[in-house]
Amino acid sequence: MGLALGELAQRIGGQLQGDPDCRVTTVATLQEAGEGELSFLANPRYRKYLHGTRASAVILSAEHAGDCPTATITVTNPYAAWARAARLLAPPAGSRQGVHPGATIGSNCSIDATAWIGPQCIIEDDVTIAAGVQLQGSCFIGRGSRIGDETRLGPQVTVCYASVIGARAVIHPGVVIGGDGFGLANEDGHWIKVPQLGRVCIGDDVEIGANTTIDRGALGDTLVEDGVKLDNQVHIAHNVRIGRHTVVAGCTGISGSTDIGSHCRIGGGVGILGHLEIADHVTVTAMSLVTKSIPGPGMYSSGMPVQEHTAWNRNVGSFRELGELLKKLRRSGKHAGKSD
Amino acid sequence: MGLALGELAQRIGGQLQGDPDCRVTTVATLQEAGEGELSFLANPRYRKYLHGTRASAVILSAEHAGDCPTATITVTNPYAAWARAARLLAPPAGSRQGVHPGATIGSNCSIDATAWIGPQCIIEDDVTIAAGVQLQGSCFIGRGSRIGDETRLGPQVTVCYASVIGARAVIHPGVVIGGDGFGLANEDGHWIKVPQLGRVCIGDDVEIGANTTIDRGALGDTLVEDGVKLDNQVHIAHNVRIGRHTVVAGCTGISGSTDIGSHCRIGGGVGILGHLEIADHVTVTAMSLVTKSIPGPGMYSSGMPVQEHTAWNRNVGSFRELGELLKKLRRSGKHAGKSD
Amino acid sequence: MGLALGELAQRIGGQLQGDPDCRVTTVATLQEAGEGELSFLANPRYRKYLHGTRASAVILSAEHAGDCPTATITVTNPYAAWARAARLLAPPAGSRQGVHPGATIGSNCSIDATAWIGPQCIIEDDVTIAAGVQLQGSCFIGRGSRIGDETRLGPQVTVCYASVIGARAVIHPGVVIGGDGFGLANEDGHWIKVPQLGRVCIGDDVEIGANTTIDRGALGDTLVEDGVKLDNQVHIAHNVRIGRHTVVAGCTGISGSTDIGSHCRIGGGVGILGHLEIADHVTVTAMSLVTKSIPGPGMYSSGMPVQEHTAWNRNVGSFRELGELLKKLRRSGKHAGKSD
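Rules used throughout
Residues numbered from 1 in each chain as written. Chains lettered and ligands numbered in written order. Predicted model: local features only at pLDDT ≥ 70, side-chain atom pairs only at ≥ 80, totals over all residues. Helix = DSSP H or I, 4+ residues; strand = E, 2+ residues; numbered from the N terminus. Rg over C-alpha atoms; globule rule 2.2 N^0.38 Å. Buried ≥ 20, exposed ≤ 12 C-beta atoms within 10 Å, placed from the backbone. Contact = placed C-beta atoms within 7 Å. Arc of directions from axis to C-beta. Least-squares fit on C-alpha atoms with pLDDT ≥ 70 in both. Nonpolar A, V, L, I, M, F, W, Y, C, P; charged D, E, K, R; others polar. Pairing = 2+ DSSP bridges. Core = buried A, V, L, I, M, F, W, Y, C linked by C-beta atoms within 7 Å. pLDDT = per-residue confidence, 0-100. Axes fitted to C-alpha atoms, helices over the stretch in contact; angles between N-to-C directions. Parallel < 35°, antiparallel > 145°, perpendicular 65-115°, else oblique. Left-handed = near helix turned anticlockwise from the far one by under 90°. Domains from an automatic or database assignment.

Peer 1: Even after reading the chapter, I still don't get the overall build of chain A, so can you show me in this structure?
Peer 2: From N to C terminus, chain A includes five helices and 40 strands. A compact globule built from 340 residues would reach a C-alpha radius of gyration of about 20 Å, whereas chain A, at 26 Å, exceeds it by more than 25%. Reported as C-alpha extents along the three principal axes, the dimensions of chain A are approximately 85 × 65 × 35 Å. Residues counted as buried form 58% of the 340 residues belonging to chain A. Of the contacts made within chain A by residues no fewer than 6 positions apart, 21% connect residues no fewer than 24 positions apart.

In structure tokens form, the structure reads like this:
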């Protein structure tokens, strides 16, 4: 069991300093790892634990290798190398095959023999489930939906009708894909529901966190492209597009018809208004509000950090009269200028 | 199949310019529509696509009709007319009737013969389900709850005991109605649970977005009145009242015992503190925080839009010393005044 | 039925002024209570209803007893006393025992005979369910998880593999415990999933609101200690620790590896960045953003209250040029000073 360090270093593309035949069987933090355990150093915050570690080997960058009391595997990207190593030493739960007798399967479905449909799942008519798909239990897959190879759905996931999900997606519990968008027309003070007739289309290698919701398009589709990663409790409205390899952290809400580029990093708790265009390679930091399109790459912020409450209140008070005060001060500044 | 434009114009109350016998069978955007397809122009943002559209007919206001290369149906409210037309051309999935054998039904329930109880649903004792109600699957309806005519519940919806839901509601997947409110009494640093003994009462024609939660009252009820529309991931605390025809956009949280008037528009990501009174016809824009009652109609804001990160940081720095600075500047302004 | 006031006062530790043999059978607000009903006054906001109440008895503090037209039970902490009294007069729904035939039970599980596994529940292999546990229905309990005495799970709760939940927890519908943390390593612009190998461990007497999510640790565990109370739609990321008796209000998100002390009060809609340390007895008010560790107790804020929209816009405009303006004003202030 486990892996010899020599083989491990080779498989993750690193340089081993140490005994290639020494075996590691599992993974742990620098502080907690012991004999036979592999650890890593990626975040400089944890460098202080390096010299005291009792791990059998540590994945790290060359600059820190000298401080490590044990075998090292040096790499250029320790966190990515760690991800690969951890997957080798702690593989995900094995796949199952077949249809649990407690599942409810509609007519005219195509379910690959290597897929697993867990207990209490409901598969409506005309659904296509590809090879190796894993539905853990109590999932609902609406009529006409398609789920690609090796995609995994946690419990209590809802996929509404006509949704398309690509290959190798990981969809955590409680996610809702394809609920109606919030489309309402006002008539004499009452709201009329606008039928939501589009779909949700999700690319390959997407991950979606627990209780996140992605609404179907009104006309046309809501698009989540390849490699996108969404954290928990994210809200994606109708007809949004999220470009390839963009990440969206928890509790963020993106309003309807907004188009987000590729390789963006949208921080936690962010709000983005509707009908905007956000360029590729844009970073928006935590709890910011985006009210206009962002035409080029860069980092954008409006999250206000806490202060001690009394100081905060005083500053808020000043803020609320800021427009007036600056007008006065500009005037007095001019006068002062004159007196020079 | 489809509808003749003459009949369509009549049913949505518009003026047809074009061949009344021409038929449309489906709907699409201005850019994508082709022969036999109906489109619309409501948001001026999309006017640029009008002159090039290949739709068979377009719903729009009279002022834009001249720019349209094809048949037009002019109306005073294109978005509302579109909602009606889309419903005629793309009717919602048909209703089903009966109780799926995989559902679990308690004792003393009254379930109308025209209702549908989908697979894996759990109906506890003493529940009343009215005519035409549709429970799509895996719904939980707690004891003593009542659901009104034609109301539709998506998969994985939970309705806790003694809840009352009106007619024609649309409740999307993952919604939780009637969970306990967050009622806690502090005693010597520990928190004691305060029993939550009220109900949730929801009026007619309400729509509730995916994964939204509405807590039951502590004493007395949480009220969501007729025609209210809640988006995804909204949080309504115990004993809140939401007045008729108010809309609440995604990720908004409303704290306990707050009373919100009718015809309000509460933007996405808003927070409203507890025990407040918000008047009718109040608009609160995205990511605002309401800390005091709002006695009259109007638009209220505190969402701060993003800036480029470095500029933002500089401004935040200034903000944090704002109280102090303005004090000094006021003083120097006075001195400057004296020197005039 | 009901309780005599004399016995009630004794059981909640209060002083009765009134007939000890008078019986109350239920509870209501000051405005709505009538004969045979108990009410209370804790929030001064409701003092105005005291003199007109028709309750048979009121729990309150000594200072208000003189204004009450009916029997009083005076206590030092009326809200806590009320919680106890309400529990006596309106006890929670009785417990059930056994396993519903519609549940799916894995192998090698230990399910106490006094526990209740409701319909459509899925219990994977190697799960331990202690005495008196109540799973209401459609819950998913992943392999190897353990649930302590008397803990109650509402419908549609997901507990992922290897999670540990203590005694007397109350977990509301739609909660997800143990989903993967948002661990991603960037390699050449693509994101690689970092395996999430830790657990979620939850102490005793914890309450978790509807649709809240708590992610499993990456390495090591996510910890929610004894007596913690989480409201609805809270997001707790991987490897967070929440100290004993801390409360977290709705829609708050706490990022990875942040350590929150005991007896904190984290207001609704708050965001807390990752890898921070928050001391004991810290209060963070609504919609604040915490970007740095907080080393000592106190109240911290950055939630900006709404203004009328036009005034807000003017102030935001001033804010955005604040850095520049203050620089100029400082200079002109100096000049003004010189001219004195």
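Having put the structure on the table, let's press on.
Peer 1: What's the story with unusual backbone geometry in this structure? I'm lost.
Peer 2: Excluding glycine, residues mostly have negative phi values, and the peptide bonds linking residues are mostly trans. A positive phi is found at His-275 of chain A, a non-glycine position, where the angle reads about 60 degrees. Residue position: His-275 of chain A is located in the loop between strand 35 (271-272) and strand 36 (277-278). By C-beta crowding, His-275 of chain A is classed as partly exposed, having 14 other C-beta atoms within 10 Å. Positive phi is not limited to glycine here, since Arg-168 of chain C has a value of about 60 degrees. For Arg-168 of chain C, the position within the fold is in the loop between strand 19 (164-165) and strand 20 (170-171). The exposure class of Arg-168 of chain C is partly exposed, given the 18 C-beta atoms found within 10 Å.

Peer 1: Explain helix 1 (residues 5-12) of chain C here, please?
Peer 2: Each α-helix turn comprises 3.6 residues. Residues three or four places apart therefore point the same way. Residues and elements named next belong to chain C. Of the positions making up helix 1, those classed as buried are Leu-5, Leu-8, Ala-9 and Ile-12. Projected down its long axis, helix 1 shows its buried positions confined to an angular sector of 100 degrees, all on one face. Note on helix 1: the residue one or two positions beyond its end, Gly-13, has a positive phi of about 75 degrees.

Peer 1: Looking at this structure, I do not really get the relation of the copies chain C and chain A. What am I missing?
Peer 2: Two chain copies here: they are related by a rotation about an axis and a translation along the same axis. In the superposition of chain C on chain A (RMSD 0.1 Å, axial shift 0.0 Å), the rotation amounts to 120 degrees. Such a combination of turn and shift is consistent with a three-fold rotation axis.

Peer 1: Sorry if this is basic, but what is going on with the interface of chain C and chain B here?
Peer 2: In many reports, interface size means the accessible area that the parts give up when they come together. The partner chain B presents 60 residues to the 63 residues of chain C that form the contact. Mapped by element, the contributors of at least two residues to the side of chain C that touches chain B are helix 3 (78-89), strand 40 (307-308), helix 4 (309-320) and helix 5 (322-339) of chain C. For the side of chain C that touches chain B, the element with the highest residue contribution is helix 5 of chain C, accounting for eight residues. Of the residues assigned to the side of chain C that touches chain B, the class counts are 27 nonpolar, 27 polar and nine charged. In terms of strand pairing, strand 39 (residues 298-301) of chain B meets strand 40 of chain C through two bridges, oriented antiparallel. Paired with Ser-301 of chain B across the two strands is Gln-307 of chain C, which belongs to strand 40 of chain C.

Peer 1: Would you mind going over the sheet that holds strand 30 (residues 241-242) of chain A with me for this structure?
Peer 2: In a beta sheet, neighbouring strands are held together by backbone hydrogen bonds and run either parallel or antiparallel to one another. Residues and elements named next belong to chain A. The strand order across the open sheet formed by nine strands is 10-13-16-19-24-27-30-33-36, and the pairing between neighbours is parallel. In this open sheet, the two edge strands, each paired with only one partner strand, are strand 10 (110-111) and strand 36. Sheet topology places strand 33 (residues 259-260) next to strand 36; two bridges connect them, and they run parallel. Residue pairing across strands places Ile-260 opposite Ile-278, the latter belonging to strand 36.

Peer 1: Help me understand the environment of Leu-326 of chain C, please; the structure alone is not making it clear to me.
Peer 2: With respect to the helices and strands, Leu-326 of chain C occurs in helix 5. Not counting the four nearest positions on each side in its chain, Leu-326 of chain C is found in contact with Ser-318 and Leu-325 of chain B.

Peer 1: Sorry if this is basic, but what is going on with the interface of chain C and chain A here?
Peer 2: Contacts between the two partners involve 60 residues from chain C and, on the opposite side, 63 residues from chain A. For the side of chain C that touches chain A, the secondary-structure elements that each account for two or more residues are strand 21 (176-179), strand 22 (184-187), strand 23 (190-193), strand 26 (213-215), strand 38 (289-290), strand 39 (298-301), helix 4 and helix 5 of chain C. No other element matches the six residues that helix 5 of chain C contributes to the side of chain C that touches chain A. Taken together, the residues that form the side of chain C that touches chain A break down as 25 nonpolar, 30 polar and five charged.

Peer 1: Explain the nonpolar core here, please?
Peer 2: Note that soluble globular proteins tend to have their nonpolar side chains buried in a common cluster. In this structure, Ile-117 and Ile-202 of chain A, Ile-117 and Ile-202 of chain B together with Ile-117, Ile-202 and Val-290 of chain C are the most contacted members of the largest nonpolar core, which totals 219 residues. Beyond its immediate stretch of four places on either side in the chain, Val-290 of chain C contacts Val-306 of chain A together with Ile-272, Leu-273, Leu-276, Val-284 and Tyr-300 of chain C.

Peer 1: I tried to follow the sheet that holds strand 35 (residues 271-272) of chain C on my own but got confused; where do I start?
Peer 2: All names here are of chain C. Across the sheet, which stays open at both edges, the 10 strands sit in the order 9-12-15-18-21-26-29-32-35-38 with parallel pairing between neighbours. The open sheet has two free edges, formed respectively by strand 9 (104-105) and strand 38, since each of these has just one partner strand. Relative to strand 38, strand 35 runs parallel, the two being bridged by two bridges. Directly across from Ile-272, in strand 38, lies its bridge partner Val-290.

Peer 1: Any chance you could explain the pairing of strand 39 of chain C here in plain terms?
Peer 2: Each regular strand carries side chains that alternate between the two faces of the sheet. Inspection of the sheet shows strand 37 (residues 282-284) of chain C paired to strand 39 of chain C by three bridges, in the parallel sense. Following the sheet pairing, Val-284 of chain C is matched in strand 39 of chain C by Tyr-300 of chain C.

Peer 1: Even after reading the chapter, I still don't get the confidence of the model for chain A, so can you show me in this structure?
Peer 2: Mean pLDDT over chain A works out to 94, with 96% of the residues at or above the 70 mark. Overall fold confidence for the complex sits at a pTM of 0.96, while the interface term, ipTM, reaches 0.95.

Peer 1: When you look at the packing of helix 1 of chain C against helix 3 of chain C in this model, what are you seeing that I'm missing?
Peer 2: Any two packed helices are characterised by how steeply their axes cross, that is the angle between the axes, and by the distance between the axes. All names here are of chain C. Contact geometry for helix 1 and helix 3: axes closest at 10 Å, N-to-C directions at 130 degrees. Considering their axes alone, helix 1 and helix 3 lie oblique with respect to each other. Classified by chirality, the crossing of helix 3 by helix 1 is right-handed. Of helix 3, the residues touching helix 1 (which contributes Leu-8, Arg-11 and Ile-12) are Ala-81, Arg-84, Ala-85 and Leu-88. Of the residues that constitute the contact of helix 1 with helix 3, the class distribution is five nonpolar, no polar and two charged.

Peer 1: Just checking my understanding: could you explain the domain arrangement of chain A for this structure?
Peer 2: In terms of domains, chain A is made up of domain 1 (3-89), domain 2 (99-300) and domain 3 (309-339). Averaged C-alpha coordinates put domain 1 of chain A and domain 2 of chain A at centres separated by 36 Å.

Peer 1: Sorry, what's going on with the environment of Pro-305 of chain B here?
Peer 2: Mapped onto the fold, Pro-305 of chain B is located in the loop between strand 39 and strand 40 (307-308). Measuring from C-alpha to C-alpha, the distance between Pro-305 of chain B and Leu-153 of chain B comes to 37 Å, with 152 residues separating the pair along the chain. In this structure Pro-305 of chain B touches Leu-289, Thr-291 and Ser-302 of chain A together with Val-316 of chain C, once residues within four positions along its chain are discounted.

Peer 1: Is there a simple way to explain the environment of Val-24 of chain A in this structure?
Peer 2: Residues and elements named next belong to chain A. Locating Val-24 in the fold gives a position in strand 3 (residues 23-24). Val-24 sits 12 residues away from Gly-36 along the chain, and the two C-alpha atoms are 4.3 Å apart. Setting aside chain neighbours within four positions, we find Val-24 in contact with Gly-2, Leu-3, Leu-5, Leu-8, Gly-36, Glu-37, Leu-38, Ser-56, Ala-57 and Leu-89.

Peer 1: I keep staring at the pairing of strand 21 (residues 176-179) of chain A and nothing clicks. Help me out?
Peer 2: Residue and element names in this part refer to chain A. Pairing of strand 18 (residues 158-159) with strand 21, which is carried by two bridges, proceeds in the parallel orientation. Residue Thr-158 lies in a different strand from strand 21, and its bridge partner there is Val-176. Examined bridge by bridge, strand 21 and strand 26 (residues 213-215) share three bridges and lie parallel to one another. Considered in strand 26, the bridge of Gly-179 is made with Asp-215.

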